[in-house]
Amino acid sequence: MSTASVLVIDLLIAVLAAAGWLAGGAAAATGHRRAALGLGLAALVATLARAVTVVALARAGWWFAAEKVVIAGPLSLAAIVVAVARRTPAALLFAGYATTAGLLVTVLHGYPVTPGVALLAVAGVAVATGITRRSRPTLVVAALALVAATGFAIRPAPTVHHHSYSAAEVGTPTKRFTLTAATTTVEVDGHDVAAWAFNGQVPGPALVATVGDVLEVTLRNQDIGQGVTLHWHGYDVPNAMDGVPGVTQAAVLPGQEFVYRFRADRPGTYWYHTHEASDEGVRMGLYGTLVVHPAPVTGLDVTVPVHTLSGRPLPTFSQASAVAGTPVRLRLINTDNTTHRYALAETAFLVAAIDGRDLQGPTPLSRTAVLVPAGGRYDLTFTAPAGPVGLFVDGRPVWATGHVAAPPSGWPALDPLIYGTPAPAPWSGYDKSFTLVLDRGLDLHGLLPRYAHTVNGAADPDIPPEIVHLGDRVKFTIVNRSAVVHPWHLHGHHVLVLSRNGKPSTGSPLWLDSFDVRPGDVWEVTFLADNPGMWANHCHNLSHAAAGMMLHLMYE
Ligand code: C2O
Ligand code: CU
């Protein structure tokens, strides 16, 4: 059974156990003895059953089970001992409070276990018990402990101090673009859709360059109230050009401008988007594509950025003609918050590159779908056959060279970890290791409490930064304890995938900047700290990033 399913089952059993004890206590208190006995027995079974699920989770990784073992475990044990030994209404209620406290720790906090949270759970149980037994002294002591524990548990993390990095000298620009952000209305399939757009179009202008070009992009903001920036997603530019407001620059407010300059020193498929109000801004249309060619293009080179604009899918269908024998490259880009499934029908193809990095030894695929994570890019290449070929996204045709029927949705999806030929690891030791446990949790640090998307139990801006030195070989272990996919994205660097769920990557070296960490997944990746600065490191479901799932990597 997958770790994700065990997480769900364990949660269900925990809810049943807590509800059973509480209901049993209530039944006993109101004189329904038989009901109390039945509920108490059911709760007992559920509480004991958790031993199985919690052990399974601990075996999948300590991050999945820590608080269940350290906090919920002893509380459950106390619940069972007290309830079985005393069998009074108060004892059953106590068992209910104890198991509920353990459950709340999982749902509201998760990993890691901290003394503050443990104390909070125990104090909560004591307060509830004091109230039940109408015992003043217990209540006073417990309430004091609760207040102290609350302060302890929500103590803010040290705040990040900012350095500023000036832009490197890049030489005379060879390609100049101006992007003006403004509110507008665009037409999609005959419908008018309100949008925020660069130069009045969604996506914004396609930026195309050749390796060696120096790009100069002037960003102007006409009327986007929150401000805008340009982030070069996947392009590992110098920090000052990275476009993260409050970190590498100030947001460009209406009437202002900012000039980005960087050298296009690497080929590949990338995209750009605003990083100010990025969830709303990207959704509303402030994005475009960036393609850097290694050499002048021969053959057909098509960029397919997928996006959902007010519920309408982009791009709309386009038809091209390709003479048999023409080399074709399809650059698939996912600018949405969730994974898209692409299928190329009626031809064999190669996945030539992922996230702008060529794969080694890709082999021909056919009747195989590719899953492109939010923010991710896949380059598919093939030689045009005599008959028509068609590209589909989630079953919808987006590009074709003639009439092609939609392929069945049951095609298997490519697993890039076992595709292509391997190469020896560039290094094996690590100077720094960080673990990122992704979950949901209660965040009490803002003006209003929120149920945030968390990393190691904290939400932006309270997640401690990861501090590295120039030249460090860094390892990240990324664990998803939650029930939703988190497409992980590190700015300024590409990471090499080491393993997923304990299985080493055995295909081509995979250097990614956006990868789906699915529920229950554990990914190990490594990168070289070779690009000094302060870098965002976040979930590219941008609504999750806005809800707390964002931290920073900084160089010291
Ligand atoms: Cu494409 Cu920080 O984002
Ligand atoms: Cu996420």
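As the structure is a prediction and not an experimental result, all values here were calculated from the model. (Residues numbered from 1 in each chain as written. Chains lettered and ligands numbered in written order. Predicted model: local features only at pLDDT ≥ 70, side-chain atom pairs only at ≥ 80, totals over all residues. Heavy atoms only, no water.)

So, about the sheet that holds strand 24 (residues 486–490). Overall, mixed pairing links the 5 strands, which are arranged 22-31-30-24-28 in an open sheet. Each edge of the sheet is formed by a strand with only one pairing partner; in this case those strands are strand 22 (466–468) and strand 28 (514–517). Taken over all neighbouring pairs, the strand axes of this sheet differ in orientation by 20° on average, direction set aside. Sheet topology note: the strand 24/strand 30 (residues 534–539) ladder contains 3 bridges and is antiparallel. (Pairing = 2+ DSSP bridges. Helix = DSSP H or I, 4+ residues; strand = E, 2+ residues; numbered from the N terminus. Axes fitted to C-alpha atoms, helices over the stretch in contact; angles between N-to-C directions.)

Count 3.6 residues to each turn of an α-helix, and residues three or four apart come out pointing the same way. A rise of 1.5 Å per residue sets the reference length of helix 2 (residues 33–60), with its 28 residues, at 40 Å; its end C-alpha atoms lie 41 Å apart and thus fit the reference within 8%. Looking at helix 2, one finds that the buried residues are A36, G40, A43, L44, A46, T47, R50, T53, V54 and L57. Turning to helix 2, the residues buried within the fold contact helix 1 (3–29), helix 3 (62–86) and helix 4 (89–108). (Expected span 1.5 Å × (residues − 1). Buried < 20%, exposed > 50% of the residue type's maximum accessible area, 1.4 Å probe, protein only. Contact = heavy atoms within 4.5 Å.)

Coordination of the copper ion (ligand 2) by the protein is provided by H486 (ND1), C539 (SG) and H544 (ND1), with metal-donor distances spanning 2.0 Å. In primary-sequence terms, the residues that donate to the copper ion (ligand 2) follow H-x52-C-x4-H. Pair noted here: H486 is in strand 24 and H544 is in helix 8 (residues 542–546), with a separation of 58 residues, a long-range link. Comparing H486 with H544 shows no difference in burial state: the two are buried. (Donors = N, O, S within 2.8 Å, 3.2 Å for Na, K, Ca; no water.)

This brings us to a nonpolar patch on the surface. On the surface, a cluster of nonpolar side chains totalling about 450 Å² of accessible area is made up of L104, L108, I154, L442, L444 and Y451. Mapped onto the fold, L444 is located in the loop between strand 20 (432–443) and strand 21 (450–455). Given a relative accessible area of 37%, L444 falls into the partly exposed group. (Patch = residues over 30% accessible without salt bridge, like charges linked within 9 Å, V, L, I, M, F, W, Y side chains within 5 Å. Areas by Shrake-Rupley, 256 points an atom, 1.4 Å probe, with all protein chains shown as cover. Salt bridge = Lys/Arg side-chain N within 4 Å of Asp/Glu carboxyl O.)

We now examine the domain arrangement of the chain. Note on interface size: it is often stated as the accessible area lost on association of the parts. Along its sequence, the chain is carved into domain 1 (3–113), domain 2 (175–296), domain 3 (297–414) and domain 4 (432–555). Inter-centroid distance (C-alpha atoms) of domain 3 to domain 4 is 28 Å. Each partner contributes residues to the interface: domain 3 has 15 residues there, and domain 4 has 16 residues. Taken together, the two surfaces of domain 3 and domain 4 that pack against each other cover about 1,200 Å², and 48% of this comes from carbon and sulfur. One can count 1 salt bridge joining domain 3 with domain 4. Between D513 and R377 there is a salt bridge, with its nearest N and O atoms 2.8 Å apart. Across the contact surface, domain 3 and domain 4 share 9 residue pairs in polar contact (both at pLDDT 80 or more). Of the residues in the side of domain 3 that touches domain 4, the class split is 5 nonpolar, 6 polar and 4 charged. (Domains from an automatic or database assignment. Buried area = accessible area lost by both parts, 1.4 Å probe. Polar contact = N/O pair within 3.5 Å; in protein donor to acceptor, adjacent residues only side chain to side chain. Nonpolar A, V, L, I, M, F, W, Y, C, P; charged D, E, K, R; others polar.)

A full pass over the atoms with the stated rule returns 20 salt bridges. Here R283 ties to D279 by a salt bridge, and the two come within 3.5 Å at their closest N and O atoms. Highlighted residues: R283 and D279, both in helix 7 (residues 278–284), separated by 4 residues, approximately one helical turn. The class for D279 is buried, based on a relative accessible area of 16%. Because the salt bridges share partners, they merge into one network encompassing E67, K68, D439 and R481.

For the structure on display, the rule yields 13 aromatic pairs. Centroid distance W232 to Y260: 5.8 Å. Interplanar angle 80°. Geometry classified as edge-to-face. Here the residue W232 occupies a position in strand 5 (residues 231–233), and Y260 occupies one in strand 6 (residues 257–263), the gap between them amounting to 28 residues. Overall, Y260 belongs to the buried group, its relative accessible area being 0%. A network of ring pairs unites the aromatic residues F198, W232, Y235, F258, Y260, F262, Y270 and Y272 as a single cluster. (Phe/Tyr/Trp six-rings, centres within 6.5 Å; stacked < 30°, edge-to-face > 60°.)

What follows covers the environment of A386. Mapping A386 onto the fold places it in the loop between strand 17 (377–383) and strand 18 (390–393). Residue classification places A386 among the exposed positions, given a relative accessible area of 82%. In the structure, A386 is positioned 276 residues away from G110 in sequence and 56 Å away in space, judged by C-alpha atoms.

Tracing the sequence through the fold places H491 in the loop between strand 24 and strand 25 (495–500). Here D242 takes part through its side chain, which lies 2.7 Å from a polar atom of the side chain of H491. In contact with H491, not counting residues within four places along its chain, are H231, D242, V244, H275, W535, A536 and H538.

What follows is about the pairing of strand 3 (residues 207–210). By the alternation rule, side chains of strand 3 split into L207 and A209, which are all buried, and V208 and T210, of which none is buried. Sheet analysis places strand 3 next to strand 8 (residues 287–293), joined by 4 bridges and oriented parallel. By the bridge assignment for strand 8, A209 is matched with V292.

Attention now goes to the side chain of S499. Tracing the sequence through the fold places S499 in strand 25. Separated by 2.7 Å, the side chains of S499 and E524 make a polar contact. Look past the residues within four positions of S499 in its chain and what remains in contact with it is L417, P504, S505, V522, W523 and E524.

The next subject is the packing of helix 3 against helix 4. It is the contact of helix 3 with helix 4, at a shortest axis distance of 8 Å, that shows an interaxial angle of 170°. One finds that helix 3 runs roughly antiparallel with respect to helix 4. When helix 3 is examined against helix 4, the residues E67, K68, I71, A72, L75, S76, A78, A79, V82, A83 and R86 are found in contact with a partner set consisting of A91, L92, F94, A95, A98, T99, A101, G102, V105 and T106. For the contact of helix 3 with helix 4, a count of residues per class yields 14 nonpolar, 4 polar and 3 charged. (Parallel < 35°, antiparallel > 145°, perpendicular 65-115°, else oblique.)

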